[in-house]
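Examining the three-dimensional arrangement
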Amino acid sequence: MNNALQKLQPYPFEKLRALLGAVQPAADKRAIALSIGEPKHTSPAFVAQALADNLDQMAVYPTTLGLPALREAIAHWCERRFNVPAGWIDPARHVLPVNGTREALFSFTQAVVNRSDDALVVSPNPFYQIYEGAALLAGAQPHYLPCLDQNGFNPDFDAVPAEIWQRCQILFLCSPGNPTGALIPLDTLKKLIALADQYDFIIAADECYSELYFDEQSPPPGLLSACAELGRSDFKRCVVFHSLSKRSNLPGLRSGFVAGDADVLKGFLLYRTYHGCAMPVQTQLASIAAWNDEEHVRANRDLYREKFDAVLEILGPVLDVQKPDGGFYLWPKVPMDDATFCRDLFEQQHVTVVPGSYLSREVNGVNPGASRVRLALVAPLAECVEAAQRIRTFIEG
Ligand SMILES: Cc1ncc(COP(=O)(O)O)c(C=O)c1O
């Protein structure tokens, strides 16, 4: 077996199962899970219909490159959403469909990393664990940048030494962040592009939460917005990852895309051809319908807005908690060790949350997730409100 498999950390939910496995929760309270980041709002009926209408496509092999119509729909969506001048995104060269961002983040890393003893994949800390596992299996070392309260829960990129940038092959960004909800400002993205040019690394921007924001008048910028402002029409060294999972409540459709640097995507396409991960044609046709519609995404945001307002009203007075810039998580500081909080909350109130330290790594004695927990506001409003009230009762206990 591949020795690198031994380097993989147990997934946070495995650790959670080990923490809670022997605990008896309060029998009089029904279970509420704020742990898994799985959207629970209804999937759009028109997407389900498009999928059903095209089931006969099961009879054909899909291509890895995907249908031109899907790549065109995605290119136009990117141009509209991130103010990219019309025509800059060539659907033939700048877009690839992927079966959700999870597999794409992983396989992209395998395709891009040039194995060497000093290769680094730099990521935020806390982080989505795929970045770390992908780096280790690609033969690189993960390097973690702490996302602390004092820096708006974003990495302090100015504090990263030149030696790290020199060894960096991929810089993962996650904006809005999981679990912090922090958005990376446009000026920071522009500075990072300059650094990528100076030190020759690729920026992989995981933007799968980009459509979950609060102010309809100001959708958050992404890496493509930064390219547009810089006049960088070739998107050199920049690749973005997007998904229908959170935007459109379609986590089971397994549909997303990567877009950006044509040379990088060419290599990634070659890798994917061997990897064997083409998107089924019926999924592609359903995805076109989803990318072409914004009404269901606005309705989705309305639901999250309502939940954040209601939950923050209950938890704000008793917890150090901030409304995020985007996404569907809260990342509060808790008044005790995070795992203890999580276990005792489960036992007394039958509410499941994720200990922050399960989503982050300790570096130089500091674990940015310690004493924090992640709450995913994915359940229906009434359930989120009930969970918030139980958390408050637990804290006030
Ligand atoms: C930060 C982040 N990136 C990527 C993903 C993967 O999402 P999907 O594969 O459904 O697009 C998730 C899912 O929870 C996530 O939180």
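All values reported here derive from a predicted model rather than from experimental measurement.

As a further point, take the UniProt feature "domain: Aminotransferase class I/classII large" (unreviewed entry) in the chain. Per the UniProt record, "domain: Aminotransferase class I/classII large" (unreviewed entry) is annotated on residues 32-391. Between the end C-alpha atoms of residues 32-391 there is a gap of 11 Å, over a span that is 40% helix and 14% strand.

So, on to the side chain of Asp344. On the secondary structure map, Asp344 appears in helix 13 (residues 338-349). Taking the relative accessible area as the measure of exposure, Asp344 reaches 18% and is therefore buried. Once residues within four sequence positions are removed from consideration, Asp344 is found in contact with Gln349 and Phe394.

The sheet built from seven strands is open, its strands ordered 2-8-7-6-5-3-4 with mixed pairing. Because the sheet does not close on itself, it has two edges, and the strands there are strand 2 (95-98) and strand 4 (141-146). Put simply, the sheet's adjacent strands are angled 20° from each other on average, direction ignored. As defined by bridge partners, strand 6 (residues 202-206) adjoins strand 7 (residues 238-243) across four bridges and the pair is classed as parallel.

Close to the ligand lie 15 residues; Thr101, Asp206, Ser243, Ser245 and Arg254 are nearest. For the ligand, an oxygen atom lies 2.6 Å from a polar atom in the side chain of Thr101. Here Ser245 contributes a side-chain N or O atom positioned 2.6 Å from an oxygen atom of the ligand. Relative to its unbound accessible area of 400 Å², the ligand is 91% covered by the protein chains. Within the residue set of the shell around the ligand, elements represented by two or more residues are helix 4 (101-112) and helix 9 (244-247). Element by element, the count of residues in the shell around the ligand is highest for helix 4, at three residues. Looking at side-chain class alone, the shell around the ligand contains six nonpolar, five polar and four charged residues.

Here we take up the pattern of salt bridges. Scanning all chains against the criterion turns up 25 salt bridges. Here Lys190 makes a salt bridge to Glu229, at a shortest N to O gap of 2.7 Å. Residue Lys190 is found in helix 7 (residues 186-199), and its partner Glu229 is found in helix 8 (residues 223-230); the two are separated by 39 residues along the sequence. A salt bridge links Glu294 to Arg247; its shortest N-O distance comes to 2.8 Å. Of this pair, Glu294 sits in the loop between helix 11 (281-291) and helix 12 (295-315) while Arg247 sits in helix 9; the two residues are 47 residues apart in sequence, bridging distant segments of the chain.

In this section: a nonpolar patch on the surface. There is a patch of nonpolar side chains on the surface, built from Met1, Leu5 and Leu8 and spanning about 340 Å² of accessible area. By secondary structure assignment, the location of Met1 is in the segment before helix 1 (12-20). Overall, the relative accessible area of 89% leaves Met1 in the exposed class.

The rules behind these values
Residues numbered from 1 in each chain as written. Predicted model: local features only at pLDDT ≥ 70, side-chain atom pairs only at ≥ 80, totals over all residues. Heavy atoms only, no water. UniProt positions renumbered as here; feature names shortened; annotations may be inferred. Helix = DSSP H or I, 4+ residues; strand = E, 2+ residues; numbered from the N terminus. Buried < 20%, exposed > 50% of the residue type's maximum accessible area, 1.4 Å probe, protein only. Contact = heavy atoms within 4.5 Å. Pairing = 2+ DSSP bridges. Axes fitted to C-alpha atoms, helices over the stretch in contact; angles between N-to-C directions. Near = heavy atom within 4 Å. Polar contact = N/O pair within 3.5 Å; in protein donor to acceptor, adjacent residues only side chain to side chain. Areas by Shrake-Rupley, 256 points an atom, 1.4 Å probe, with all protein chains shown as cover. Nonpolar A, V, L, I, M, F, W, Y, C, P; charged D, E, K, R; others polar. Salt bridge = Lys/Arg side-chain N within 4 Å of Asp/Glu carboxyl O. Patch = residues over 30% accessible without salt bridge, like charges linked within 9 Å, V, L, I, M, F, W, Y side chains within 5 Å.

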